[in-house]
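# Working through the structure, step by step
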Amino acid sequence: MNAPARISAERTSAPTPADLAITIRDERFNRDTTPRRWWAGEPFGTAWHNALSATFPRGEAFFIEAVKAHRAGADPRLDAEIRAFVKQEINHTREHIAFNKLAENAGYDIKAIDKRVEEMLAMTKGRPEILNLAATMALEHYTAMMAHEFLANPRHFATADAEVRDMWRWHSVEEIEHKGVAFDTWNHATRDWSKWRRWKLRSLMMLIVTGRFFKNRWEDSMNLLAQDGITGWKARWGLFRYLAVSPGIVRRIFPAWLAYFKPGFHPWDHDDRDLIGLYEGEFEDALLPAE
């Protein structure tokens, strides 16, 4: 049994737990399985998560570069956390590429989603790199909020294909573990800024990211539902009900989203590592130590 690696350097600043373990879980999913087209057990959760997954390969590569661009001068602990973050995100990219192939094999055309992400990321070229880090920090908060909900509330994947469910749970565990890395990198990169300037930019970026995130994911989900022949009010109500009523992930993450705007906020204000224990131990042989 491989124990989770501890990053031993002292934390010089930030409320990230001193005993935080960022573990590289080298797991592979969905290689030799053929889940049903509606792997979530119904079309709306399937469409929402397929739309999310289609953005991850390019999106996570963007996150990696945005964080790495500001690692110079980081204290030894943050430097180690950034390296572990990068390794986890590389594995996430690999597994979502495999999952996206399953969606395509099931008959979904997700190329338009990938193309939009490519075009949006092209627009970030040449702008100040600190803006890319601010966007990454906001999006990492989204992934952490959803990860918490996926692990805390089994209803989200209650009727899902077992191996697909395990992939999302694995991804969620690692998103919780590294949820403070982009934020701590931001604090390092903006250490000479005033608290007001930090708060203003991260808050404005969260509002921008939120608007684009929901607009694009809604449109992407509508497109995928249309490929199932579900359109009009039935598609709109079904997706709204899935997101806001039951299981209602958007409704349930709202308090955590609102907390982001609190002056002095940090992702580890809420230590939810206990959720990792709901998953850990099931896949012990896949644990690799972070360097």
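Residues numbered from 1 in each chain as written. Predicted model: local features only at pLDDT ≥ 70, side-chain atom pairs only at ≥ 80, totals over all residues. Heavy atoms only, no water.

### Re the nonpolar core
One recurring pattern in soluble globular proteins is that nonpolar side chains are buried together. Within the largest apolar cluster, 76 residues are counted, with the highest numbers of intra-cluster contacts made by Trp39, Tyr142, Trp168, Leu225 and Tyr260. The set of elements that each furnish at least two residues to this core consists of helix H1 (43-68), helix H2 (76-105), helix H4 (129-152), helix H5 (162-177), helix H6 (181-189), helix H7 (195-227), helix H8 (232-244) and helix H9 (249-259). (Core = buried A, V, L, I, M, F, W, Y, C linked by side-chain atoms within 4.5 Å. Buried < 20%, exposed > 50% of the residue type's maximum accessible area, 1.4 Å probe, protein only. Helix = DSSP H or I, 4+ residues; strand = E, 2+ residues; numbered from the N terminus.)

### Focus on a nonpolar patch on the surface
Where nonpolar side chains cluster on the molecular surface, the patch consists of Trp233, Trp237, Phe240 and Val245 and spans about 480 Å² of accessible area. In this structure, Phe240 sits in helix H8. (Patch = residues over 30% accessible without salt bridge, like charges linked within 9 Å, V, L, I, M, F, W, Y side chains within 5 Å. Areas by Shrake-Rupley, 256 points an atom, 1.4 Å probe, with all protein chains shown as cover. Salt bridge = Lys/Arg side-chain N within 4 Å of Asp/Glu carboxyl O.)

### A closer look at the packing of helix H3 (residues 111-122) against H7
Angle between the axes and distance between the axes: these two values describe a pair of packed helices. Between H3 and H7, the shortest axis-to-axis distance is 11 Å and the interhelical angle comes to 155°. Here H3 lies roughly antiparallel to H7, going by the angle between them. Once H3 is placed against H7, the crossing between them reads as right-handed. On H7, the residues that touch Ile113, Arg116 and Met120 of H3 are Arg212, Asn216, Arg217, Glu219, Asp220 and Leu224. (Axes fitted to C-alpha atoms, helices over the stretch in contact; angles between N-to-C directions. Parallel < 35°, antiparallel > 145°, perpendicular 65-115°, else oblique. Left-handed = near helix turned anticlockwise from the far one by under 90°. Contact = heavy atoms within 4.5 Å.)

### A few points about the environment of Thr93
Mapped onto the fold, Thr93 is located in helix H2. Placed 38 residues apart in sequence, Thr93 and Thr55 show a C-alpha to C-alpha distance of 9.8 Å. Sequence-distant contacts of Thr93, that is, excluding residues within four places in its chain, are made with Phe56, Pro57 and Glu60.

### Overview of unusual backbone geometry
Trans peptide bonds make up the majority, and among non-glycine residues the majority have a negative phi. Pro247 follows Ser246 through a cis peptide bond whose omega is 5°. Position of Pro247 relative to the elements: it lies in the loop between H8 and H9.

### Digging into H7
With 33 residues, H7 extends 47 Å between its outermost C-alpha atoms, agreeing within 8% with the 48 Å of an ideal straight helix rising 1.5 Å per residue. Positioned one or two residues after H7, Gly229 has a phi angle of 80°, which is positive. (Expected span 1.5 Å × (residues − 1).)

### Let's talk about the environment of Leu225
Relative to the elements of secondary structure, Leu225 occurs in helix H7. Looking at Leu225, the relative accessible area reads 0%, which means it is buried. Once you skip the residues sitting within four places of it in the chain, Leu225 turns out to touch Pro43, Phe44, Ala47, Ile230, Ala235 and Leu239.

### Focus on the side chain of Arg77
Along the chain, the position of Arg77 falls in helix H2. Of the residues examined, Arg77 reaches a relative accessible area of 0% and is grouped as buried. From its side chain, Arg77 meets the backbone oxygen of Pro17 in a polar contact 2.9 Å long. (Polar contact = N/O pair within 3.5 Å; in protein donor to acceptor, adjacent residues only side chain to side chain.)

### A short note on the pattern of salt bridges
Within this structure, the stated rule accounts for 24 salt bridges. Measuring nitrogen to oxygen at the nearest pair gives 2.7 Å for the salt bridge that ties Arg31 to Glu95. Remark: Glu95 occurs in helix H2 and Arg31 occurs in the loop between strand S1 (24-25) and H1; sequence separation between them is 64 residues. The residue Arg83 makes a salt bridge to Asp79 at a minimum N-O spacing of 3.4 Å. Here Arg83 pairs with Asp79, and both are found in helix H2, just four residues apart, close to one helical turn. Given the relative accessible area of 29%, Arg83 is considered partly exposed. Linked by salt bridges that have partners in common, Asp26, Arg28, Arg31, Arg94 and Glu95 make up one network.

### Topic: the confidence of the model for the protein
In this model, the protein carries a mean pLDDT of 91, and residues with pLDDT of at least 70 account for 91%. Taking the mean pLDDT of every element in the protein, the minimum, 40, falls on strand S2 (residues 287-288) and the maximum, 98, on H8. Across residues 1-13, where pLDDT falls below 50, the model places 28 contacts with residues more than four positions away in sequence or in other chains. Note that residues 283-291 has pLDDT below 50 and, in this model, 24 contacts with residues that lie over four places away or in other chains. (pLDDT = per-residue confidence, 0-100.)

### Here's the deal with the environment of Ile230
If you trace the backbone, Ile230 turns up in the loop between H7 and H8. Ile230 sits 186 residues away from Phe44 along the chain, and the two C-alpha atoms are 9.6 Å apart. Leave out the neighbours within four places in its chain, and Ile230 touches Trp38, Pro43, Phe44, Leu225 and Ala235.

### Thoughts on the packing of H8 against H9
Taken N-terminus to C-terminus, the directions of H8 and H9 make an angle of 40°; their axes are 4 Å apart at the nearest point. Taken together, the axis directions place H8 and H9 in an arrangement best described as oblique. Here Tyr242, Leu243 and Ala244 of H8 come into contact with H9, specifically with Ile249, Val250 and Arg251. Among the residues making up the contact of H8 with H9, the classes are represented as five nonpolar, no polar and one charged. (Nonpolar A, V, L, I, M, F, W, Y, C, P; charged D, E, K, R; others polar.)

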